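So you can see what is in the structure, the chains are spelled out below.
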Amino acid sequence: MSNFPDWFQEALRQRFYQLEFANEQQASCSSEDKNLFTQMNQFKTNQHEDAQHLLSEWEEAIAYQLSQDKQSIYMEGVKDGIRLILPVIHSTNIR
């Protein structure tokens, strides 16, 4: 990575730190998420069949929304990558 300009290396470092921080925050929620999932399953099993069906539909809607959010985050990462690499490509073409 020493071939890249200092500003580019620093930009990558900063972006990595941001993603690492976000990942740490999300990881701390994962045990809470597991606990919620277990409680939800226990709650669902104790409900009438109609209520179980409604809860399943609600879970599907939430899962769909989460997948949309993750896709959006992924696309932002792709855009970040493009924004970072384009100036390097253009500066190489100018020489």
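For the structure, check the block above.
Residues numbered from 1 in each chain as written. Predicted model: local features only at pLDDT ≥ 70, side-chain atom pairs only at ≥ 80, totals over all residues. Heavy atoms only, no water.

K.L.:
Please clarify how the pattern of salt bridges should be interpreted in this entry.
P.N.:
Between side chains of opposite charge, pairing is possible as soon as their charged atoms come close. Summed over the entire model, instances satisfying the criterion amount to three salt bridges. With its nearest N and O atoms 3.6 Å apart, the salt bridge here joins lysine 79 to glutamate 76. On the criterion of helical spacing, the pair formed by lysine 79 and glutamate 76 is a turn pair, its members being three residues apart in helix α2 (residues 49-94). Of the residues examined, glutamate 76 reaches a relative accessible area of 35% and is grouped as partly exposed. (Salt bridge = Lys/Arg side-chain N within 4 Å of Asp/Glu carboxyl O. Helix = DSSP H or I, 4+ residues; strand = E, 2+ residues; numbered from the N terminus. Buried < 20%, exposed > 50% of the residue type's maximum accessible area, 1.4 Å probe, protein only.)

K.L.:
What is the right way to look at the environment of methionine 40 in this model?
P.N.:
By the secondary structure assignment, methionine 40 is in helix α1 (residues 6-45). A residue is classified by how much of its surface remains accessible, and methionine 40, at 16% relative accessible area, is buried. Note: C-alpha distance between methionine 40 and leucine 55 (15 residues apart in sequence) is 9.0 Å. Here methionine 40 is in contact with Leu55, Trp58 and Glu59, once residues within four sequence places are set aside. (Contact = heavy atoms within 4.5 Å.)

K.L.:
Just to check I follow, could you spell out the side chain of lysine 44 for this structure?
P.N.:
Here lysine 44 is to be found in helix α1. Given the relative accessible area of 14%, lysine 44 is considered buried. Non-local contacts of lysine 44, meaning those with residues more than four positions away in its chain, are made with Gln52, Leu55, Ser56 and Glu59.

K.L.:
Just checking my understanding: could you explain a nonpolar patch on the surface for this structure?
P.N.:
On the surface, Tyr74, Met75, Val78, Ile82, Ile85, Leu86 and Ile89 cluster together into a nonpolar patch covering about 590 Å² of accessible area. Counting through the fold element by element, methionine 75 comes out in helix α2. (Patch = residues over 30% accessible without salt bridge, like charges linked within 9 Å, V, L, I, M, F, W, Y side chains within 5 Å. Areas by Shrake-Rupley, 256 points an atom, 1.4 Å probe, with all protein chains shown as cover.)

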